[in-house]
Amino acid sequence: MEITEKAPAKLNLFLDTPFNHPDGLQEWNMVMTSVDLADYVKINVIPNKVGIKVKTNTGFLPNDSRNLAYQAARILQERFKIRAKVMIEIRKHIPVAAGMGGGSSDAAAVLRGLNRIWELGLSLEELAKIGLEIDSDVPFCVYGQTAHVVGKGEQVIPLKKLPPMWIVIAKPKLSVSTPYILNKLNHDNIQHLKIERMLDAIDKNDFDGICASVGNVLEQVTGKEYPEILQIKERMVKYGANAAQMSGTGPTVFGICSKSTRAKHIVNSLKGFCHEVYLVRTL
């Protein structure tokens, strides 16, 4: 049996990390949303054979056990003692190492796809719990809708649909290592953010309130290491974005616009300055 799952990119409208857990993992307090820039993950299962094979259309991704989609297949194989060869083909559109959860979304797509193929009957909540063993962004990507994410990433609380908006995504020619940024993070030295205003704005479908409440504490760390990120953010606001900020640990920056004409103007203004620029909508 063969199926194809869509794996949308994620953006952090709000990101704070109040403290580290004793095991070294972060406590998160985030609002995340999915956008219509997506990878496509084709899954094919051959019964009574063994192994996992991952193929991608890019040379930037590992095809072995370092790949999160590979890890997702292996976890389900082992947990449910299923003897079958899993063939995974990933058509990448989400930039790699961009802070947009591409690898996590691919893993979530494999969990959802194999759950259907093998008729495991797992709920999204159960898949999200398994996903946490792979990466802290996988639980959110299993759901793939706007949500308040807390804990180590395992608590995903779906929120109301966002008001209509256009989003410009700009990825500079940088790759940012998440472990490197998190290792440099000192929870006592960063300015923490309050999430209540963002949650209230989403609940009231308040576009201006959402724009006024965006924030990412990791910008204070990544922006210091890579000033280019802050320059892109400044340009987006200068060219007319209602709000702009970095997603995840970076280096991707996104700008929120109420009008498509303004968003297109920002895209054209950034093209000469930035490596990859996309115009997307929220899902």
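All of these numbers come straight from a predicted model, not from anything done at the bench.

Asks: What should I look at first to understand the packing of aromatic side chains in this one?
Replies: Remark: the centre distance and the inter-plane angle together describe each pair of aromatic rings, the angle taken between the planes. Within the structure shown, the criterion is met by zero aromatic pairs. Its end group placed over the ring of Phe273, Arg235 keeps NZ or CZ at 3.6 Å from the ring centre. It is Arg281 that lies over the ring of Trp166; its NZ or CZ is 4.0 Å from the centre.

Asks: Any chance you could explain the side chain of Ser104 here in plain terms?
Replies: Tracing the chain through its elements places Ser104 in helix 2 (residues 102–117). Beyond its immediate chain neighbours, meaning those up to four positions away, Ser104 contacts Leu68, Asp135, Asp137, Val138 and Cys141.

Asks: So what exactly am I meant to see when it comes to the packing of helix 1 (residues 68–79) against helix 2 here?
Replies: Two measures define how a pair of helices packs: the angle their axes make with one another and the distance between the axes. Running from N to C, helix 1 and helix 2 point in directions that differ by 30°, and their axes come no closer than 7 Å. Taken as axis vectors, helix 1 and helix 2 run roughly parallel relative to one another. In the crossing of helix 1 with helix 2, the sense of the turn from one axis to the other is right-handed. Residue-level inspection shows Leu68, Ala69, Ala72, Ala73 and Leu76 of helix 1 in contact with helix 2, the latter providing Gly103, Ser104, Asp106, Ala107, Val110, Leu111 and Leu114. When its residues are assigned to classes, the contact of helix 1 with helix 2 shows nine nonpolar, two polar and one charged.

Asks: Honestly, the environment of Ile232 in this entry has me stumped. Any pointers?
Replies: Following the sequence through the fold, Ile232 ends up in helix 9 (residues 227–238). A relative accessible area of 0% means that Ile232 is categorised as buried. Ile232 sits 14 residues away from Met246 along the chain, and the two C-alpha atoms are 9.4 Å apart.

Asks: Quick question: what am I supposed to make of the pairing of strand 1 (residues 2–16) here?
Replies: On any regular strand, side chains alternate: one points to one face of the sheet, the next to the other face. With 12 of 15 residues buried, strand 1 is to be regarded as a mostly interior element. Alignment of strand 1 against strand 2 (residues 28–47), held across 14 bridges, turns out to be antiparallel. Looking at the pairing, Asp16 lines up with Asn29 of strand 2. Bridge count for strand 1 against strand 8 (residues 215–216) is two bridges, and the pairing is parallel. The partner of Leu15 across the bridge, within strand 8, is Asn216.

Asks: Would you take a moment to explain unusual backbone geometry for this structure?
Replies: For residues other than glycine, phi is negative in most cases, and the peptide bonds are mostly trans. Of note, the amide linkage connecting Gly250 to Pro251 takes the cis form, showing an omega dihedral of 5°. Inspection of the secondary structure puts Pro251 in the loop between strand 9 (243–246) and strand 10 (253–257). Its identity is not glycine, yet Asn48 carries a phi of approximately 60°, on the positive side. Even without glycine at this site, Asn205 takes up a positive phi of about 55°. Secondary-structure assignment places Asn205 in the loop between helix 6 (196–203) and helix 7 (207–213).

The rules behind the values
- Residues numbered from 1 in each chain as written.
- Predicted model: local features only at pLDDT ≥ 70, side-chain atom pairs only at ≥ 80, totals over all residues.
- Heavy atoms only, no water.
- Phe/Tyr/Trp six-rings, centres within 6.5 Å; stacked < 30°, edge-to-face > 60°.
- Lys NZ or Arg CZ within 6 Å of the ring centre and 35° of its normal.
- Helix = DSSP H or I, 4+ residues; strand = E, 2+ residues; numbered from the N terminus.
- Contact = heavy atoms within 4.5 Å.
- Axes fitted to C-alpha atoms, helices over the stretch in contact; angles between N-to-C directions.
- Parallel < 35°, antiparallel > 145°, perpendicular 65-115°, else oblique.
- Left-handed = near helix turned anticlockwise from the far one by under 90°.
- Nonpolar A, V, L, I, M, F, W, Y, C, P; charged D, E, K, R; others polar.
- Buried < 20%, exposed > 50% of the residue type's maximum accessible area, 1.4 Å probe, protein only.
- Pairing = 2+ DSSP bridges.

As far as function goes, none of this settles anything; it's purely spatial.
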